[in-house]
Amino acid sequence: PPCTGCTRGVQRLLVTLKLLPAEAKLSPGCLLFVQYLRARSIKVVVFDMDLTMGGGHCGEGILKEDAGAYIAKASPDFVEALRALVALDFKLAVATNSDPAEYDLPGQSRESHILGPDLATALIKYWCREALPKFEVMVGFDPDLHDDPRLLGKSHHMRIIAEHYQVPFEEMLLIDDSARNLRNTDGWQGLLVREPKVGFRFEDCQS
């Protein structure tokens, strides 16, 4: 029998030539995730950053020299999911409470620290550069730093994303490690990350 590597190489080639569907090269866990999305008619997949894209947590920001350690904690399932979502033409976005306003906190600046959409961009660019253009919108917003009326969960983020993509809330999914962030009255769907120290796992779809 052909070696596993050869089999996968042929499989990738057939997918590229459109002789096999893109799902053919997905792992069983990733295929389960895609089926989960399609069963719920999801068009836009939105990821939280800290403890979702991986096990890293930036708090109010991290020093730029520590960004490598944060990026290294990316969840393998998150990385594989990105590649699949790009191949299957899902729309992508980021909704994080890591807010660019934190650059203005005492002792911090854009020159010394990295956080929010900038950090999410660095992580995605490192692990799956081809996915970055699919993230047309990244919302970094901490309600505690603004005078805006406080909305339920991450409703503020999701409304901005829905407006950008012009899709109904029902076709959007937020993946987040906080059940509180998933609460909403708009109708968008939520998926809870169960192991924040690891980040998103395909097993979360089965919980």
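Just so we're clear, the structure is a prediction, and the values are computed from it rather than from any experiment. (Residues numbered from 1 in each chain as written. Predicted model: local features only at pLDDT ≥ 70, side-chain atom pairs only at ≥ 80, totals over all residues. Heavy atoms only, no water.)

**A look at the pattern of salt bridges**
As enumerated under the stated definition, the model contains eight salt bridges in all. One salt bridge in this structure joins Asp48 and Lys154, with 2.9 Å as the shortest N-O distance. Highlighted residues: Asp48 in the loop between β1 (44-47) and β2 (62-63) and Lys154 in the loop between β5 (135-140) and α6 (155-165), separated in sequence by 106 residues. Overall, Asp48 belongs to the buried group, its relative accessible area being 5%. Residue class for Lys154 comes out buried when judged on its relative accessible area of 1%. As a salt-bridge pair, Glu203 and Arg201 come within 3.1 Å of each other at their nearest N and O atoms. The buried category is assigned to Arg201, whose relative accessible area is 18%. Salt bridges here are not isolated pairs; linked through shared partners, they connect Asp48, Lys154 and Asp176. (Salt bridge = Lys/Arg side-chain N within 4 Å of Asp/Glu carboxyl O. Helix = DSSP H or I, 4+ residues; strand = E, 2+ residues; numbered from the N terminus. Buried < 20%, exposed > 50% of the residue type's maximum accessible area, 1.4 Å probe, protein only.)

**Things to note about the packing of helix α4 (residues 76-87) against helix α5 (residues 116-127)**
Orientation of α4 relative to α5, taken along the N-to-C sense of each, is 75°, at an axis distance of 10 Å. Our classification of the angle between α4 and α5 gives roughly perpendicular. Contact with α4, carried on its side by Phe78, Val79, Leu82 and Arg83, involves Leu123, Ile124 and Trp127 of α5 and no other residues of that element. Looking at the contact of α4 with α5, its residues break down into six nonpolar, no polar and one charged. (Axes fitted to C-alpha atoms, helices over the stretch in contact; angles between N-to-C directions. Parallel < 35°, antiparallel > 145°, perpendicular 65-115°, else oblique. Contact = heavy atoms within 4.5 Å. Nonpolar A, V, L, I, M, F, W, Y, C, P; charged D, E, K, R; others polar.)

Such coordinate-based values are descriptive only and should not be taken to indicate function.
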